[in-house]
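# Understanding the architecture of this molecule
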Amino acid sequence: VYRNTIKALNWFTSVREKLDDPAYAGWFVRFANYSGPESNRSYHVPACTFEKCSGFYHDQEQTPEMGGGLHNGGCKEECDCGDAPCGEYIFDHRNASFAEWFINEWMISNETLLHQPQLISLGYLDDYMTLHGPSEEDGHFIADTGSTTADMQEHVAAYLANMRRLEQALVDHGGFWQGLVDHGEGKGMGTGPQIRPVTRDCYHDCGNVTPEQCASTLRDEWCVPDPGPWASATSYLMRPPAVGDTESGTQATAQFLLTRGPFAWIGFFDWQSLANWPRPVEWDTDYGVPSGPCAETAPGTGVFRRSWSNATVTWDCHAAKGEITMK
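In what follows, the accompanying structure is described. (Residues numbered from 1 in each chain as written. Predicted model: local features only at pLDDT ≥ 70, side-chain atom pairs only at ≥ 80, totals over all residues. Heavy atoms only, no water.)

## Structural notes on the overall build of the protein chain
- Across its full length, the protein chain holds six helices and 17 strands.
- Of all 327 residues assigned to the protein chain, the portion counted as buried reaches 45%.
- Long-range pairs, those at least 24 residues apart, make up 63% of the contacts in the protein chain with a sequence separation of at least 6.
- Split by element, the accessible area of the protein chain, about 16,800 Å² in all, is 52% carbon and sulfur. (Helix = DSSP H or I, 4+ residues; strand = E, 2+ residues; numbered from the N terminus. Buried < 20%, exposed > 50% of the residue type's maximum accessible area, 1.4 Å probe, protein only. Contact = heavy atoms within 4.5 Å. Areas by Shrake-Rupley, 256 points an atom, 1.4 Å probe, with all protein chains shown as cover.)

## Brief notes about the packing of helix α2 (residues 96–107) against helix α4 (residues 149–172)
- It is at 10 Å that the axes of α2 and α4 come closest, and there the two elements cross at 35°. The handedness of the crossing between α2 and α4 is right-handed. Contacts from Phe98, Ala99, Glu100, Phe102, Ile103 and Met107 in α2 reach Asn162, Met163, Arg165, Leu166 and Ala169 in α4.
- In terms of residue class, the contact of α2 with α4 is made up of eight nonpolar, one polar and two charged. (Axes fitted to C-alpha atoms, helices over the stretch in contact; angles between N-to-C directions. Left-handed = near helix turned anticlockwise from the far one by under 90°. Nonpolar A, V, L, I, M, F, W, Y, C, P; charged D, E, K, R; others polar.)

## Considerations on the packing of aromatic side chains
- Across all of its chains, the model carries 18 aromatic pairs by this definition.
- Against the face of Trp106 rests Arg3, its NZ or CZ located 4.4 Å from the ring centre.
- A cation over an aromatic ring shows up here: Arg30 above the ring of Phe56, its NZ or CZ 4.9 Å from the ring centre. (Phe/Tyr/Trp six-rings, centres within 6.5 Å; stacked < 30°, edge-to-face > 60°. Lys NZ or Arg CZ within 6 Å of the ring centre and 35° of its normal.)

## Here's the deal with the environment of Gln62
- With respect to the helices and strands, the residue Gln62 is situated in the loop between β3 (58–59) and β4 (65–66).
- Distance from Gln62 to Glu88, taken between C-alpha atoms, is 7.4 Å for residues 26 residues apart in sequence.
- At 3.0 Å, the side chain of Gln62 forms a polar contact with the side chain of Glu136. (Polar contact = N/O pair within 3.5 Å; in protein donor to acceptor, adjacent residues only side chain to side chain.)

## Some remarks on the state of the cysteines
- Under the counting rule described, the total for this entry stands at five disulfides.
- Covalently, Cys75 is tied to Cys79 through a disulfide, its sulfur atoms 2.0 Å apart. Judged by the torsion about the S-S bond (110°), the Cys75/Cys79 disulfide is right-handed.
- Since its relative accessible area comes to 7%, Cys79 is described here as buried.
- One disulfide bridge connects Cys214 with Cys317, the sulfur atoms lying 2.0 Å from each other. The sign of the S-S torsion, about -65°, decides the handedness of the disulfide formed by Cys214 and Cys317: left-handed. (Disulfide = S-S within 2.5 Å.)

## Quick word on the pairing of strand β15 (residues 303–307)
- The sheet contact formed by strand β14 (residues 295–296) and β15 spans two bridges and is antiparallel. Bridge assignment links Glu296 to a residue of β15, and that residue is Phe304.
- Counting the residues in the hairpin turn of β14 and β15 gives six residues, including Gly300, whose phi is positive at 85°.
- Note that β15 and strand β16 (residues 311–316) share five bridges and pair antiparallel. Among the inter-strand pairings, Arg306 is bridged to a residue of β16, identified as Val313.
- The antiparallel pairing of β15 with β16 creates a hairpin that spans three residues between the two strands. (Pairing = 2+ DSSP bridges.)

Okay, structure coming up:
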């Protein structure tokens with residue numbers, strides 16, 4: 001399920017109902033000194049479209065619009081998002097009543113964790129608030145809302161507090177969302193170690209890795225009795241390989257089997273395509289269970305091995321290559 005944590009997208013019915021109801025005006029950030037249609041050209045973004053205006057701050061950067069294209073959606077006439085123009089409005093997390101709705105209705109609802117008979121976890125919670133304004137929003141948010149430095153500090157603090165409350169509520173309900181994958185100070189999704197050299201199929205887990213860097217990463221962090229990265233869930237992501245390329249899947253899976261902890265996933269990552277890419281056969285093979293973490297075959301060899309009940313996985317940092325041998 002997709003949810004946005006800072007943008008109030010009024011093509012979602014539950015958001016539109018609140019935005020159009022004056023009783024909830026305190027839930028949304030306003031343009032500075034808005035006085036009606038005459039304020040339309042007072043900001044870096046328009047307050048009005050063809051026939052509708054709104055004093056709530058919004059932009060149209062990723063918004064369905066008349067004549068819009070496939071990516072953001074388009075309408076033959078002005079898109080109908082209720083009383084206000086379609087736009088990316090901004091939740092005001094400083095409002096206490098908003099916080100209750102945000103967690104216990106917008107995020108946790110009959111469409112998600114309360115869904116019956118099977119709960120549906122929150123998959124991707126998009127965007128966030130920074131001291132410079134919301135992510136992926138027009139860059140003049142502070143100027144157009146008249147926000148002070150103190151205002152922005154309050155926005156960020158309230159946003160982070162609500163997200164911490166949401167995380168705890170999700171765990172209490174037995175749910176999950178992508179952000180619970182440890183990603184460490186804004187570096188993106190939690191990924192496996194960088195031990196593979198850059199190739200077309202890599203995502204976060206590849207780099208210009210030397211044999212020495214590969215060995216040091218495995219020796220110091222992953223191939224130890226109690227690997228620190230195992231304390232968090234981890235995603236191993238590879239870009240879809242070219243047609244006929246089976247080696248990329250083998251190498252990605254070898255890295256996964258060598259280093260994964262008790263909570264880990266492997267899969268494709270490609271924002272630009274939803275094609276049915278060929279699935280590596282390794283992903284449907286039963287490797288059993290691991291006997292423990294990986295270990296270096298002998299001090300200084302740069303070769304690391306992990307035993308599974310049905311396979312042995314080896315990674316050679318000098319060759320920058322892994323091997324999966326079934327038992």
